[in-house]
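Coordinate inspection notes
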Amino acid sequence: MPPLDPQVRAAVEAAGARAREVLTPEGLAAWQERDASARPRPTLDRLRDDGRFEVEELRVPRADGSDLTLVSARPAGVREPLPLLYYLHGGGMVTGNAWSVLPRLLRAWALPLGLAVVSVEYRLAPRTRFPGAVEDCYAGLLRAVEHADRLGVDARRVVIGGKSAGGGLAAALALLARDRGGPAPVGQLLLSPMLDDRGDTFSSHQMAGHDTWDRASNATAWQALLGDRYGAADLSPYAAPARATDLSRLPPAYVEVGSAETFRDEAVAYADAIWQAGGEAELHVWPGACHGFDAIAPDAAVTRDAHDARTRWLRRILRH
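Just so it is clear, the structure is predicted and the values come from calculations on it, not from any experiment.

Taken as a whole, this structure holds 26 salt bridges when the rule is applied. Between Arg41 and Glu121 there is a salt bridge, with the nearest N and O atoms lying 2.7 Å from each other. Pair noted here: Arg41 is in the loop between α2 (28-38) and α3 (44-48) and Glu121 is in strand β4 (residues 116-121), with a separation of 80 residues, a long-range link. Judged by its relative accessible area of 15%, Glu121 is buried. In this structure, Glu54 engages Arg79 in a salt bridge whose closest nitrogen and oxygen atoms are separated by 3.5 Å. Here the residue Glu54 occupies a position in strand β1 (residues 53-61), and Arg79 occupies one in the loop between β2 (67-75) and β3 (82-88), the gap between them amounting to 25 residues. On the basis of relative accessibility, which here comes to 31%, the residue Glu54 falls in the partly exposed class. On the accessibility criterion, Arg79 (62% relative accessible area) is exposed.

Take the sheet that holds β1 next. An order of β1-β2-β4-β3-β5-β6-β7-β8 is seen for the 8 strands of this open sheet, with the pairing classed as mixed. Only two strands of the sheet have a single neighbouring strand rather than two, namely β1 and β8 (281-286). Averaged over neighbouring strand pairs, the angle between their axes works out to 20 degrees when direction is ignored. In terms of strand pairing, β1 meets β2 through 9 bridges, oriented antiparallel. Considered in β2, the bridge of Leu58 is made with Leu70. Contacts between helix α5 (residues 132-146) and the sheet are confined to β1, β2, β3, β4 and β5 (153-163), with β3 contributing the most and set at about 165 degrees to the helix. Packing of helix α7 (residues 165-180) onto the sheet brings it into contact with β3, β5 and β6 (187-191), and relative to β5 it is tilted by some 135 degrees.

Here we come to the packing of aromatic side chains. One pass over the structure, following the stated rule, counts 2 aromatic pairs. Taken together, a centroid distance of 6.4 Å and an interplanar angle of 70 degrees make the contact between Trp31 and Trp213 edge-to-face. Here Trp213 lies in the loop between α8 (202-206) and α9 (215-226) and Trp31 lies in helix α2, a separation of 182 residues in the sequence. Residue class for Trp31 comes out buried when judged on its relative accessible area of 19%. Judged by relative accessible area, Trp213 falls into the buried class, the value being 9%. Measuring from ring centre to ring centre gives 5.7 Å for Tyr254 and Trp313, while their planes differ by 50 degrees; the resulting arrangement is tilted.

Criteria and cut-off values
Residues numbered from 1 in each chain as written. Predicted model: local features only at pLDDT ≥ 70, side-chain atom pairs only at ≥ 80, totals over all residues. Heavy atoms only, no water. Salt bridge = Lys/Arg side-chain N within 4 Å of Asp/Glu carboxyl O. Helix = DSSP H or I, 4+ residues; strand = E, 2+ residues; numbered from the N terminus. Buried < 20%, exposed > 50% of the residue type's maximum accessible area, 1.4 Å probe, protein only. Pairing = 2+ DSSP bridges. Axes fitted to C-alpha atoms, helices over the stretch in contact; angles between N-to-C directions. Contact = heavy atoms within 4.5 Å. Phe/Tyr/Trp six-rings, centres within 6.5 Å; stacked < 30°, edge-to-face > 60°.

Geometric values such as these leave the question of function open.
So, in structure tokens, the structure goes:
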């Protein structure tokens, strides 16, 4: 098993048993309840941070009459159109929300890079199965691009991105937008992406019982998302992008994963498949990093290195 980075290991040990708790079907409801209480949604006033940011919620009607919520944020007082980071939160497809990820994104990228951010409150499993979440992400992307003038964003400079489940959704969204002739993002930011429902990679077995998100938790999340379609031979690549057989004509990808992570091999394989299809991908495998290492050990040197690499890629891709 690859060793953990010493600073990451110390942070994982300090977090105790909760850091390696396994998500089971029987424990899913309690897991969701705990996450909702541990990750409260910041108010719009708090997100505005004493006037540093302009923040609003947008509603996108769905076919069933319900509304999809987008949270739009941008540095205050900037009148020219800004590039847009269209962001999909993590949480294994079963937890997380569009609001709680924004303070970090605004601090890390919106101000330093002059970015607008739209965060998507997609529907969670198991209450909503595939394709609900990815269709939400697509509908929100359409709305953001169609209303670019109102949002003050440049529709020609949109990066789609996300972490973990959000990274998987971003990869799926890139495929869906390509195949439907929809908006054409200039890049896809895939951070420890959840790409493969099959759980049969070497790293999935190697890290079982060790990673902070291991193959048992991953299987529970995929089962929640797919229901009876879990493990189907003909599963759509919009559900699990690792199932895609055509990765041509996709926006340039930034793919990041840890060496001590369940998702290591599926992320590396995805970058390799993009290269084989003639596409562009920048791959980083951070030594000694587990799943969620940057949140667990925010002050670790490997976390700073990862943040710097993501920022350099974003700056470069948005200059094109």
